[in-house]
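Observations on chain architecture
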Amino acid sequence: MAENTTTPTEQPPAAPAAAAPAAVAGDAAAPEGEAGPSKKALKKLQKEKEKAEAKAKRAAEHAANQAAAQAAAGNTEDLAKDNYGDATPQTKVDAERVNLRSVDDSLIGKPVKLRAWIQNSRMQGAKMAFVELREERDWAIQGVVAANPEGKPVSKQMVKWIGTVNIESFVLVEGTIQKPLEPVKSVRVSNYELHITKLYVVARGPEVLGMGLAVANRPVANFDDAAEEAEDPAVKEAREAVEAAAIDGAAIPSASMNTHLSNIAMHKRAPVQQAIADVRVAVRKLFAEYLDNQGFNQFEPPCLIGAASEGGSNVFGMPYFDKQAFLAQSPQFYKQMEIAGGRKRVYCIGPVFRAENSNTPRHMTEFTGLDLEMEIEESYHEVMLMLENVLLYIFRGIATRCAEQIALIRTIYPSEEFLLPEPGQEVRLTFAAGQALLRAEGPEEYRNVSDDEDMSTAQEKALGALIRAKYKTDFYILDKFPEGARPFYAIEDPENPKVTNAFDFFMRGQEVLSGGQRIHDPTTLEARIRKKDVDPASPGIREYVDVFRSAGCPPHGGGGIGLDRVVAWYLNLPSVHLASYYPRTPKRLTP
């Protein structure tokens, strides 16, 4: 086909008006070879041209007005209809997937994909909305959605729809990273914003939240399960501090622990709770990491046992086919069985159950234990120092690995830095020395405390305050506990049978670990069991003693650490319940 040939479906271009004088009525064509059109003809052509242009302009304005009227009436076609709505299995976004923590200048102007929760939104007129998008923890960015004049990729209908999506809906978003005119103070990713081009709702939030994120991220002001501790001055002071913090932020109310747990999803979405959970995971990992490097072997004790083996009544019983079973209140006996079975060093991490009707900020009916047991070569202090070293390793590890989380937690639950002793200056006192310090420098009510009776919680906290002031540490050990304060498997000091080779570890004046040397000789063990008014032939006890009769077992010792308490007391939280994923108390069995 020739280059300038017009196809049947095309129209030839219109000739310019000034180039067609012969088409003007009343004006004869100029004869061939003579001059062009007259001035009169040109003037008339110019007027006709201006008239046509004015008519075309009025037609365009009319069409625009009609389109605007139709849009206002909701009858216009939504050119962005495929760029928003409820997600389906076929919904795909092809942009690069990014995490908000990695957003930097290299992404400016690039299309990216984000999966996040809508944590806040506001309309800015009819053509623009601002949407805060939170990915995890407190990583959030401001999204901007603005209607384009041509109606795509963003239309007014799309802006309006996005502005009405329920808070805490989970969405799939496409947009381009841009620099805002000034930092956005309300979100963590403050130096960037996301210009949204697509948004799909993956899971819609409710019309009304039982507890909003802002409330969930406030300090818990009331721990209903801790009512029995109301008279404890230290607990009362901690609770009042939290309530005062809640009053300081009066624009955002606080909620009780019951409200938090009844709205578990929002409780766990709160950045402060995720930060606490991060610290908890780090403590657990550091415990295993240190012991793995010290030649320990991990094992898994059972939770179901056939007898209340420690002889107490504070166990949970349950039917087990045609028998009675119990939830283990300690992995103690099984750790010892591992040593008797030829392992020199063992540890385990798992749930521990206590059927104690203790409604305090320190107690739960189920908690996680960090337990170890090891062979003793020369002295039980080998065990004590191993436990001390693992806790110091944990404390120093979370201070560096979780510095960001700890700083965030302290904005909600203010606390002083956890003080540690300088290497070589660790504080290890005998129980009697601790009591002597209380008598000499403690409050008046402790002037006559006895070396033969166990400490009360109030005594422990008073001693912790004295040791912090005197030794500049929040972590210390009390050794040589009185015989009457220790169970039957704790060995008595051969030089002073009034005390045992047993110890407790403390953080901020609160106990987090009990341990010591165990009796490995069956004859001595049986005699001490009788001394504690327990029948050596009773179910569970008989099988335990038989382990040491069945084969020679080396001297050994160990200890059990309460993971929840380590986290709570390091962060100085007002309740150990905040350190648990799903706290179990005498009054709480859900969620």
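Overview of the structure.

Definitions and limits used
- Residues numbered from 1 in each chain as written.
- Predicted model: local features only at pLDDT ≥ 70, side-chain atom pairs only at ≥ 80, totals over all residues.
- Heavy atoms only, no water.
- Axes fitted to C-alpha atoms, helices over the stretch in contact; angles between N-to-C directions.
- Helix = DSSP H or I, 4+ residues; strand = E, 2+ residues; numbered from the N terminus.
- Parallel < 35°, antiparallel > 145°, perpendicular 65-115°, else oblique.
- Contact = heavy atoms within 4.5 Å.
- Nonpolar A, V, L, I, M, F, W, Y, C, P; charged D, E, K, R; others polar.
- Patch = residues over 30% accessible without salt bridge, like charges linked within 9 Å, V, L, I, M, F, W, Y side chains within 5 Å.
- Areas by Shrake-Rupley, 256 points an atom, 1.4 Å probe, with all protein chains shown as cover.
- Salt bridge = Lys/Arg side-chain N within 4 Å of Asp/Glu carboxyl O.
- Core = buried A, V, L, I, M, F, W, Y, C linked by side-chain atoms within 4.5 Å.
- Buried < 20%, exposed > 50% of the residue type's maximum accessible area, 1.4 Å probe, protein only.
- Pairing = 2+ DSSP bridges.

Right, let's talk about the packing of helix 9 (residues 381–401) against helix 10 (residues 403–412) for a bit. Each pair of packed helices gets described by two things: the angle between the helix axes and the distance between those axes. Across the interface, helix 9 lies against helix 10 with an axial gap of 5 Å and an inter-helix angle of 85 degrees. Classified by the interaxial angle, the pair formed by helix 9 and helix 10 is roughly perpendicular. Along its contact with helix 9, which presents Ile398, Ala399, Thr400 and Arg401, the element helix 10 presents Ala403, Gln405 and Ile406. Among the residues making up the contact of helix 9 with helix 10, the classes are represented as 4 nonpolar, 2 polar and 1 charged.

Quick look at a nonpolar patch on the surface now. Together, Leu304, Met318, Tyr320 and Phe321 make up a nonpolar patch on the protein surface, roughly 420 Å² of accessible area in all. Residue placement: Leu304 occurs in strand 9 (residues 304–305).

So, about the nonpolar core. Core analysis: the largest hydrophobic core is formed by 69 residues, its most contacted members being Phe395 and Phe505. If you tally residues by element for this core, the top one is helix 7 (residues 271–293), at 11 residues. Those residues in contact with Phe505 that lie beyond four places of it in its chain are Met384, Leu387, Glu388, Leu391, Phe475, Tyr476, Ile477, Gln510, Glu511, Val512 and Leu513. Core analysis: the next-biggest nonpolar cluster, separate from the first, contains 30 residues, Ala80, Leu107, Ile118 and Tyr192 among them.

Under the defined criterion, the tally for this structure stands at 36 salt bridges. Linking Arg188 and Asp138 is a salt bridge whose minimum nitrogen-to-oxygen distance equals 2.7 Å. Separated by 50 residues along the polypeptide, Arg188 in the loop between strand 6 (170–178) and strand 7 (193–203) and Asp138 in the loop between strand 4 (128–136) and strand 5 (139–146) bring together distant segments of the chain. In this structure, Glu388 engages Arg428 in a salt bridge whose closest nitrogen and oxygen atoms are separated by 2.8 Å.

Secondary-structure assignment places Met128 in strand 4. In this structure Met128 comes out as partly exposed when scored by relative accessible area, which is 28%. The sequence separation of Met128 and Met158 amounts to 30 residues, and the corresponding C-alpha distance is 9.7 Å.

Here we take up the sheet that holds strand 19 (residues 510–517). Taken in spatial order, the 8 strands make up an open sheet running 8-12-13-20-19-18-15-14, and their pairing is mixed. At either margin of the open sheet sits one strand with a lone partner, and together these are strand 8 (297–298) and strand 14 (428–430). Across 3 bridges, strand 14 lies against strand 15 (residues 475–479) in parallel orientation. Residue Thr430 lies in a different strand from strand 15, and its bridge partner there is Asp479. The sheet contacts of helix 11 (residues 431–441) involve strand 14 and strand 15, and relative to strand 14 the element is tilted by about 85 degrees.

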